[in-house]
Amino acid sequence: MPNSNNTSSATRYELPPEGISLLGYVVRRMHKTSRLQAAGALLAQHLYAEALAQIAQYAAGASASYGPAYYQPRFNRAGESVAEADPHTGALVNAHLEAERPHLRISYTASLPALGKFSGTEEITGTTVSLFGLGMPAPSRFEFASADGSYSARLSGIIVSELLPGFLRQSRIRAHGSLQLEDNMHNRGKLVLRRNGSSEASIGRADGSRHTLAVAWA
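This report concerns the structure included in the present document. Remember, predicted model here, so these are calculated numbers, not experimental data. Each chain carries its own residue numbering, running from 1 in the written order of its sequence. Since the coordinates come from a predicted model, pLDDT governs what is reported: local features require at least 70, and pairs of side-chain atoms require 80 or more to be given and counted, while whole-chain, interface and lining totals use all residues. As a rule here, side-chain values come from all non-hydrogen atoms in the structure, and water together with hydrogens is ignored.

Some details on the overall build of the chain
In plain terms, the rule: Only runs of H or I of at least four residues qualify as helices and only runs of E of at least two qualify as strands under DSSP, and these elements are numbered from the N terminus. Radius of gyration means the value over C-alpha atoms here, while the globule rule gives 2.2 Å times the residue count to the 0.38 power. Exposed residues in this analysis have more than 50% of their type's maximum accessible area, buried residues have under 20%, and partly exposed residues fall in between, with area computed by a 1.4 Å probe over protein chains only. By definition, residues are in contact when any of their heavy atoms lie within 4.5 Å. Using a 1.4 Å probe, the Shrake-Rupley method yields the accessible areas, and only the shown protein chains count as cover for residues. His is not counted, nor are the chain ends, whereas Lys and Arg count as positive and Asp and Glu as negative. Charge positions come from single atoms, namely NZ of Lys, CZ of Arg, CG of Asp or CD of Glu.
When you go through the chain residue by residue, the secondary structure sums to four helices and 12 strands. In terms of overall dimensions, the chain is globule-like: its C-alpha atoms have a radius of gyration of 17 Å, near the 17 Å expected for 218 residues. Summarising its shape, the C-alpha atoms of the chain cover approximately 50 × 35 × 35 Å along the three principal directions. Classification of the 218 residues of the chain by burial places 48% in the buried group. Taking all contacts inside the chain whose residues are at least 6 apart in sequence as the whole, residues at least 24 apart take part in 50%. Carbon and sulfur atoms form 53% of the exposed surface of the chain, whose accessible area is close to 10200 Å². Put simply, the chain has 21 plus and 17 minus side-chain charges, and the middle of one group is 6 Å from the middle of the other.

So, the nonpolar core
Across soluble globular proteins, nonpolar side chains have a tendency to be buried as a group. As a reminder of what qualifies: Throughout this description, the term nonpolar core refers to a set of buried Ala, Val, Leu, Ile, Met, Phe, Trp, Tyr and Cys residues connected via side-chain atoms within 4.5 Å.
Ranked by internal contacts, the top residues of the largest apolar core, which has 55 residues, are Met 30, Leu 36, Phe 118 and Phe 144. Setting aside residues up to four positions removed in sequence, Phe 144 forms contacts with Leu 36, Leu 43, Ile 55, Leu 115, Gly 116, Lys 117, Phe 118, Tyr 151, Ser 152 and Ala 153.

Some points on the pairing of strand E4 (residues 104-112)
Here is the rule: Two strands qualify as a pair provided DSSP detects at least 2 bridges between them.
Across seven bridges, strand E3 (residues 92-99) lies against E4 in antiparallel orientation. The residue of E4 that forms the bridge with Ala 99 is Arg 105. Linking E3 to E4, which pair antiparallel, is a turn of four residues. Of the strand pairs in this sheet, E4 and strand E5 (residues 116-124) are connected by nine bridges, and their pairing is antiparallel.

Let's talk about the pattern of salt bridges
Which entries qualify depends on this criterion: Within this document, salt bridges are pairs made up of a side-chain nitrogen of Lys or Arg and a carboxyl oxygen of Asp or Glu, the two lying within 4 Å of each other.
Within the structure shown, the criterion is met by nine salt bridges. With a closest N to O distance of 2.9 Å, Glu 162 and Arg 195 form a salt bridge. Placement of the pair is Glu 162 in strand E8 (residues 152-164) and Arg 195 in the loop between strand E10 (188-193) and strand E11 (198-204), with a sequence separation of 33 residues. Residue class for Arg 195 comes out partly exposed when judged on its relative accessible area of 29%.

Side note on the packing of helix H3 (residues 34-44) against helix H4 (residues 48-63)
For the record, the criterion: The angle between two axes is taken between their N-to-C directions and runs from 0 to 180 degrees, where each axis is a line fitted to C-alpha atoms and a helix contributes only its stretch in contact. The scheme is simple: roughly parallel for angles under 35 degrees, roughly antiparallel for over 145, roughly perpendicular for 65 to 115, oblique for anything else. Only Asp, Glu, Lys and Arg are considered charged in this grouping, and only Ala, Val, Leu, Ile, Met, Phe, Trp, Tyr, Cys and Pro are considered nonpolar; every other residue, Gly among them, is considered polar.
One can describe the packing of H3 onto H4 by two numbers: an axis separation of 8 Å at closest approach and a directional angle of 170°. Relative to H4, the element H3 is oriented roughly antiparallel. Contacts from Arg 35, Leu 36, Ala 38, Ala 39, Leu 42 and Leu 43 in H3 reach Tyr 48, Glu 50, Ala 51, Gln 54, Ile 55, Gln 57 and Tyr 58 in H4. Counted by class, the contact of H3 with H4 contains nine nonpolar, two polar and two charged residues.

Regarding the side chain of Ser 199
Convention followed: Here a polar contact means two N or O atoms within 3.5 Å. Within protein one must be a hydrogen donor candidate and the other an acceptor candidate, and residues neighboring in sequence count only if both atoms are side-chain atoms.
With respect to the helices, strands and loops of the structure, Ser 199 is situated in strand E11. Using a relative accessible area of 1% as the deciding quantity, one classes Ser 199 as buried. A distance of 2.8 Å separates polar atoms of two side chains, one belonging to Ser 199 and the other to Gln 57. Every residue in contact with Ser 199, bar those within four places of it in the chain, is listed here: Gln 57, Ala 60, Leu 191, Val 192, Leu 193, Leu 213, Ala 214, Val 215 and Trp 217.

Considering H4
Short version of the rule: Under the convention used throughout, the expected extent of a helix is 1.5 Å for every residue step, that is, one less than its residue count.
Relative to the 22 Å expected for 16 residues at 1.5 Å per residue, H4 spans 23 Å between its end C-alpha atoms, a close match to the ideal helical length. Among the 16 residues in H4, 15 count as buried, and that is most of the element.

None of the figures reported here should be taken as evidence of function without further support.
See the structure below:
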């Protein structure tokens, strides 16, 4: 699998030359589950705020692409599913198209049996046109539950995928948005994802201290 922080190779993996369906693209986009493995290692050390930040960054990366827009994936029909293991971690990722109308609604899971399960739903509510390009806002909700049931996290917000049409160069895709974060260990925070690919999760602990994790997705 290409390095997910190398934008050209990442989008080439997500949009392979042989073509791919929308659900297949979503599954490939979610093949960044090493972040969940990192969260599992932190949970084993009872570093809950740090684990929440890693889960939040996984949610951001799993929702976004940065790089060349080689083509538009072919559409799936409501009720269809696609599953494929992350070749880097072995985590099984599954995406399911719940509905086509009135909006596209997609649910998905990423499962690492010894660690836990990440699940989410996004609903693409339409297309907006602005100076920034074509935007597709997707209100999203995510959950993570550890395999032993001792830890859980909830995330919600809006991630906007944007297409920058190319006139003299290839079209490109990027994303931006924010998520509210909380877990059952009384940690609360926010993640901000920017158009330049920078993403920052800031977590407040119950004792008033803070933990921040920054990631460059592009």
